[in-house]
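Architecture and fold: a report
Listed below are the residues making up each chain.
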Amino acid sequence: MECDPTSIKTEPPFTDYDAQLTAYRETMESLVQRTLEAHGRIQQYIYKTPLTYSIPLSKQSIDCKVFIKLESEQLTGSFKIRGAFNKLLKLSSAGDVVKHSGIITASSGNHGMACVEAGGTLGIPVTVYCQRGVDEHKKQALLDRGVRVVLHGNDCVEAENEARAAAMREQKEYVSPYNDVDVIAGQGTIGKEILESCPDVDCILVPVGGGGLISGIARYVKQVRPSVEIIGCQPQNSKVMFESVKAGRIVLEESLDTLSEGTAGGVEENSITFPLCAEYVDDWILVDEEEIGKAIIFMLQHHHKVVEGAAGMTLGAYMKNPERFSGKKVVVVACGGNIGIDKLKHLLSLYT
Ligand SMILES: Cc1ncc(COP(=O)(O)O)c(C=O)c1O
């Protein structure tokens, strides 16, 4: 049979993902060193959070030891203070311009609060852009601190794009909540603390929104202990990074409401967290709303700790299939504790 050359589909020499990987390789290489530097830079400003052994979670699986990294007890109630301090300390050491003009950031709440805290310490004014449906409790916490909050768009990426544009217009520095190597390096200090406290950990469960937290932890941990399995956790209702890694490019996908509002929404175009997740995340677990809600209540009942939806989601990722972790030493990153009393009351009425 004659072969029609026009019908032959040739693969492009490399996919977008490969091209992106090459472009970002240098930055990705530098992240371990940046994380070590971040650790030295921020440690006097933040807490070294406890890594607490969980008997009730460990008992759910055979020969399994589960530890919870309690970032819910971190200053400002979430891990976000690590990246915020690292970034703002670097900016403030670079000169007085930032101090005078301030920074603009975008946030689902926690990163905004972290920037405000770091900005307060360093004398840097902060404006926070949030999407319109931002969690009431987190918005109110920002307003209570007298922060300038601008509501824009219906997804975090819309708020981020507008915040970037405003920073250009107003000639201020824009601080991304995840697409920034200094922010990622700050979050990566959690990986360093985990390995120091639990050097023989087998796997680490990490919540994923824009991917800054898991990128920092995974890059550092894979360098120091490559055998550690890094598992990304997302709500079934909002799983943009999971779908993006599957597709080999950042996808546009609408998110539904989720209790894990900290991880909800899209991922900024060309975010460096995408190649980092594609390269360093070994597996993914998706968690439904009931599993998130029950995990939040579980923490209250069994550990007397208040955690927010994103942390419940990550604990729920373990609890939905504990057998997967039998024989292993597991660390779950309980990323935040900022949950409003109304949400908590509702969950208590549903699950107790
Ligand atoms: C409590 C909490 N957990 C997880 C995340 C997700 O972090 P990242 O966007 O770095 O993946 C956020 C982001 O705001 C958060 O506030």
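As recorded in an unreviewed UniProt entry, the chain goes by L-serine ammonia-lyase and comes from Magallana gigas. UniProt, in its Catalytic activity (unreviewed entry) section for the chain, records the words "L-serine = pyruvate + NH4(+)". Quoted verbatim from the Cofactor (unreviewed entry) field of UniProt, the annotation for the chain is "pyridoxal 5'-phosphate".

Structural notes on the packing of helix H3 (residues 80-94) against helix H5 (residues 110-122)
Relative to each other, H3 and H5 sit at 40 degrees, their axes nearing to 8 Å. Here H3 lies oblique to H5, going by the angle between them. Crossing hand, H3 versus H5: right-handed. Within the contact between the two elements, H3 uses Lys80, Ile81, Ala84, Phe85, Leu88, Leu89 and Ser92 and H5 uses Asn110, His111, Ala114, Cys115, Glu117, Ala118, Gly119, Thr121 and Leu122. Across the contact of H3 with H5, the residue classes break down as nine nonpolar, five polar and two charged.

What about the layout of surface pockets?
Rolling a probe over the atoms, with the probe sized like a water molecule, indicates the empty space that remains. Quantified by volume, the largest pocket comes out at close to 820 Å³. As for the largest pocket, its lining consists of 45 residues, and the residues nearest its centre are Ser108, Glu261, Gly262, Thr263 and Ala264. The element that contributes the greatest number of residues to the lining of the largest pocket is helix H7 (residues 156-170), accounting for three residues. Each residue belonging to the lining of the largest pocket can be placed in one class, and the counts come to 16 nonpolar, 19 polar and 10 charged. Lining the lining of the largest pocket are residues from two domains, each supplying at least three of them: domain 1 (7-78 + 181-351) and domain 2 (80-175).

Considerations on the pattern of salt bridges
Evaluation of the coordinates by the stated rule reveals 30 salt bridges. Put simply, Glu136 and Lys139 hold a salt bridge, and the shortest N to O gap is 3.2 Å. Residue Glu136 and its partner Lys139 are located together in helix H6 (residues 136-144), separated by three residues, close to a single helical turn. Given a relative accessible area of 48%, Glu136 falls into the partly exposed group. Judged by relative accessible area, Lys139 falls into the buried class, the value being 16%.

What counts as what
- Residues numbered from 1 in each chain as written.
- Predicted model: local features only at pLDDT ≥ 70, side-chain atom pairs only at ≥ 80, totals over all residues.
- Heavy atoms only, no water.
- UniProt positions renumbered as here; feature names shortened; annotations may be inferred.
- Axes fitted to C-alpha atoms, helices over the stretch in contact; angles between N-to-C directions.
- Helix = DSSP H or I, 4+ residues; strand = E, 2+ residues; numbered from the N terminus.
- Parallel < 35°, antiparallel > 145°, perpendicular 65-115°, else oblique.
- Left-handed = near helix turned anticlockwise from the far one by under 90°.
- Contact = heavy atoms within 4.5 Å.
- Nonpolar A, V, L, I, M, F, W, Y, C, P; charged D, E, K, R; others polar.
- 1 Å grid on protein atoms, 1.4 Å probe; cavity = no way out; pocket = protein on both sides within 12 Å on 5 of 7 lines; lining within 4 Å.
- Points joined across faces, edges and corners; volume = space filled by probe spheres on them.
- Domains from an automatic or database assignment.
- Salt bridge = Lys/Arg side-chain N within 4 Å of Asp/Glu carboxyl O.
- Buried < 20%, exposed > 50% of the residue type's maximum accessible area, 1.4 Å probe, protein only.

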